[in-house]
Structures are given as C-alpha cells and as structure tokens.
Amino acid sequence: MLRGGKWTRRRGRLSALLVLLVALLLCTAAQALASGVTNSSDDLRDGWYPEQVSLTPQLVSGGTFGKLWSTAVEGSVYAQPLLSNGTLLVATQNNKVYGLDPATGASRWPAPLNLGVPWKAADIGCGDLTPNIGVTATPVIDSASNTAYLTHKTYASGTSGTARWYMDAIDMATGKEKAGWPVQLSGAAQNQPSMTFSPTTQLQRPGLLLMNGVVYAAFGSHCDISPWQGWVFGVSTTTPAVKARWVSRSSGSGAGIWQSGAGLASDGPGSLFIATGNGGAPSTATPGSTPPANLGESVVRLAVQSDGSLKAVDFFAPFDAASLDGWDADFASGGVTGLNSQYFGTASIPHLAVEVGKSGYVYLLN
C-alpha cells in the first residue's frame, strides 16, 4: 500500500545483486534548466532528454538495441544512475557508491566508496524499504567541479541505536569524499524553532536539487511512525555547512515530502517547489500568497531568503485536501513537474506545472 511520506516495496525494488541494464537511456550533463546532472533530466523534472534525437521507436524495436553489459553491485538501487564526464554514478541502499565505465561496466575507481554502516529498517519496524536504508534518493552532480552530492542514512555509532543523516560530496574522478564532508543534517527548523529534526524516523526519498551553490534535500517518513514532518535542508557546497532547515508543520507529525522519489523542482534561481502528503491539510480556502503554518496535502513554493533560509511564499491545496487526509490519499505521491515554457503555456500564463496524487486527479497549476 502507498502511504504518506514513504516508498513502497511494490514499486520495483531491485535485488541485492542488481543487474544494471545500460543502453542509451543515461543522463547527460547538458540539460535545460539544470544546475547539474540530476533526477529526471532537469530541474523542471520533466524527464525530457532533447539531445537523444536518435532514440526512436524504430531503433528501440530493432534487433541492435538491447543490453550491453551487466555489473553486480552490493545493495538495492533506488537512486537513478547518473552519467557525467564519462563516469556512471550508482549508489545503493548498502551505502556503497560505484563509479562505472558506461561502455563496459568496469569500475573507474580503485574500489566502491563505503559510506558506513547502512541503517536497518528492522530497527523501526517499517517494512517498506528492507533490509537496509543507505542512499535512497537520486544524487546530483556538479559537472563543472566533477563532484557528486548525495545523502545517506547510518548510525550515530556502531550498528544499532539512533540514526543519523548525512550529505556527502564525492570526487567523481577518484571516488573519494571531499575535504570537509560529510555534513550532518540535524537541528531546529528556522521557520519553526520549536520543531527539531528526528533522523531515526525520517526518510530522504526525493531527488536532490543543486541551485546557486546549495544542495537541497527533502524528507518524509518511515511508515508514518512519529515523529515525522516534511523537511527541506540546504547545504552549501563551498562552506560546507547547513544553510537552510525548513519544516512543513508548526507542531505534530504529518505533511511529509515523499514524491515517489521525484526530485525537488525549480523554475529558476531562488525558487523551489515541493509536494506534501497527509497530515495538517488546510481546512479552509486561503489565498495562495499567504501559506498557513501547516502545509499538508499541498504544492508549496519555497523562496530562498537573503540569509539562505527558506520561506513558503505560495501554495496550492486541492478542494478536498481535508478529506484526503482522512484516507491517507497523499497529494505528494507524485512530484511537481514543470512544463517547458517554450512549448507549453500562453502569453498570459507562460509557466505551468503538473501535480498528481493518490486520489488519481491530475492538476494543472499556474
């Protein structure tokens, strides 16, 4: 069953010794509206790869299109593999990161990077992702510096107990962590100082976003086990340090950011779009430019402030948001998808986005 803020085992978990099928559908560096190589092609998350002009139905159905190689990796792969500067980045739930040759599948690094002990799902009793939680979200790669950024879950110490979330920076040429990393994701929310991040019960599923030298990561829950909220962290790539901590609620649990793994969307510098799940839905009609403190079952636009913090400046909640809360019908079971204004929109409304949730309705948003 699909539930708020989390992934489900029914959506195609790959086996522990994953076979990577590599043909032509690999991410490339030069994408429109993207600060780096990222989930679903670009920061609009539209999945459009315009440079792949030869990938036609005729080619795919021909006898020459198919598997080129297979390489075994340790752990399940939920993060989208990314290709940059001739190296294919693959990260697993066992906290192992691989740099592979896209033509042969051979390793380009002396050994896979080990990010530490992966957190065990049995520690919390949630069976959606099993047995381990390590790197779940799709990383983002800054091709200019040849650096990959990703998050991973591990233990504060040893192989059991309290969990911790970290953001890492990896040199794509060598497969080694960069100096000053990883950065621990923790602390109180800047917009709601009474709310403190609980790493053990939070899951980082949406793909990462790189914007203006900051990498953004969003969180939901494991099986709605409290405490959990929707969180967005922003980590500076130059300091490195946490610059932003934003939470979707003023109290209690709910409003996780899950999005079935879809990355945080952006239509330009300083602007982020997220979708939230059940818990704390707006109960009455409210002008979009005055977001409430609790933002469940909503699409929310976050704006980067002068100090690097995030502020909710606009939102949309469906007319039946409160009802959706009642039967766990997450609005955030899909991520926000921006539509390329070169082909979509009108002179009066040039920028459009699409959102769809578990209720099955598709919303076209301004």
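Everything here concerns the structure above.
Residues numbered from 1 in each chain as written. Predicted model: local features only at pLDDT ≥ 70, side-chain atom pairs only at ≥ 80, totals over all residues. Heavy atoms only, no water.

A. Geometry of the packing of aromatic side chains. Within the structure shown, the criterion is met by 11 aromatic pairs. The interplanar angle of 80° and the centroid separation of 5.4 Å between the aromatic rings of W165 and F219 together place this pair among those described as edge-to-face. Taken together, the residues span a long stretch of sequence, with W165 in strand β9 (residues 163-171) and F219 in strand β14 (residues 214-221) at a distance of 54 residues. With respect to class, W165 is no different from F219; both count as buried. Relative to W231, the ring of F197 has its centre 5.4 Å away and its plane inclined at 75°; by these criteria the two rings are edge-to-face. With a gap of 34 residues between them, F197 in the loop between β11 (183-184) and β12 (202-203) and W231 in strand β15 (residues 231-236) connect regions that are remote in the sequence. Exposure class is identical for F197 and W231. Each is buried. Pairwise contacts between aromatic rings join W165, F197, F219, W231 and F233 into one cluster. Above the ring of W119, the side-chain terminus of K153 is found at 3.7 Å from the ring centroid. (Phe/Tyr/Trp six-rings, centres within 6.5 Å; stacked < 30°, edge-to-face > 60°. Helix = DSSP H or I, 4+ residues; strand = E, 2+ residues; numbered from the N terminus. Buried < 20%, exposed > 50% of the residue type's maximum accessible area, 1.4 Å probe, protein only. Lys NZ or Arg CZ within 6 Å of the ring centre and 35° of its normal.)

B. Broad picture of the nonpolar core. Ranked by size, the top nonpolar core spans 31 residues in total, and within it M167, F219 and W231 carry the most contacts. Elements that contribute at least two residues to this core include exactly β8 (147-155), β9, β14 and β15. No other element matches β9, which puts 4 residues into this core. With 21 residues, the next largest nonpolar core counts L209, Y216, V232 and A281 among its residues. (Core = buried A, V, L, I, M, F, W, Y, C linked by side-chain atoms within 4.5 Å.)

C. Main features of the state of the cysteines. The full count for this structure, using the stated rule, is 1 disulfide. Here C126 connects covalently by a disulfide to C223, the sulfurs 2.0 Å from one another. Looking along the S-S bond of the C126-C223 disulfide, the torsion reads about 75°, which is the right-handed sense. With C126 in the loop between β5 (119-120) and β6 (132-133) and C223 in the loop between β14 and β15, the pair connects residues that are 97 residues apart, well separated along the chain. (Disulfide = S-S within 2.5 Å.)

D. Spotlight on the sheet that holds strand β1 (residues 82-84). Strand order in the open sheet formed by 4 strands is β1-β2-β3-β4, and the pairing between neighbours is antiparallel. Where the open sheet ends on each side, the last strands, each with one partner, are β1 and β4 (113-114). One ladder, built from 2 bridges, connects strand β3 (residues 96-100) with β4; its direction is antiparallel. Residue V97 lies in a different strand from β4, and its bridge partner there is L113. (Pairing = 2+ DSSP bridges.)

E. Spatial organisation of the pattern of salt bridges. Across all of its chains, the model carries 4 salt bridges by this definition. The salt bridge involving K96 is made with E74; its shortest N-O contact spans 2.8 Å. Linking K96 in strand β3 with E74 in the loop between α1 (57-61) and β1, this pair joins segments that are 22 residues apart in sequence. K96 gets classed as buried once you look at its relative accessible area, which sits at 15%. By relative accessible area, E74 is classed as partly exposed at 37%. D101 is the partner of R108 in a salt bridge, and the nearest nitrogen-oxygen pair spans 3.4 Å. What you see here is one network of salt bridges that share partners, running through D328, D330 and K358. (Salt bridge = Lys/Arg side-chain N within 4 Å of Asp/Glu carboxyl O.)

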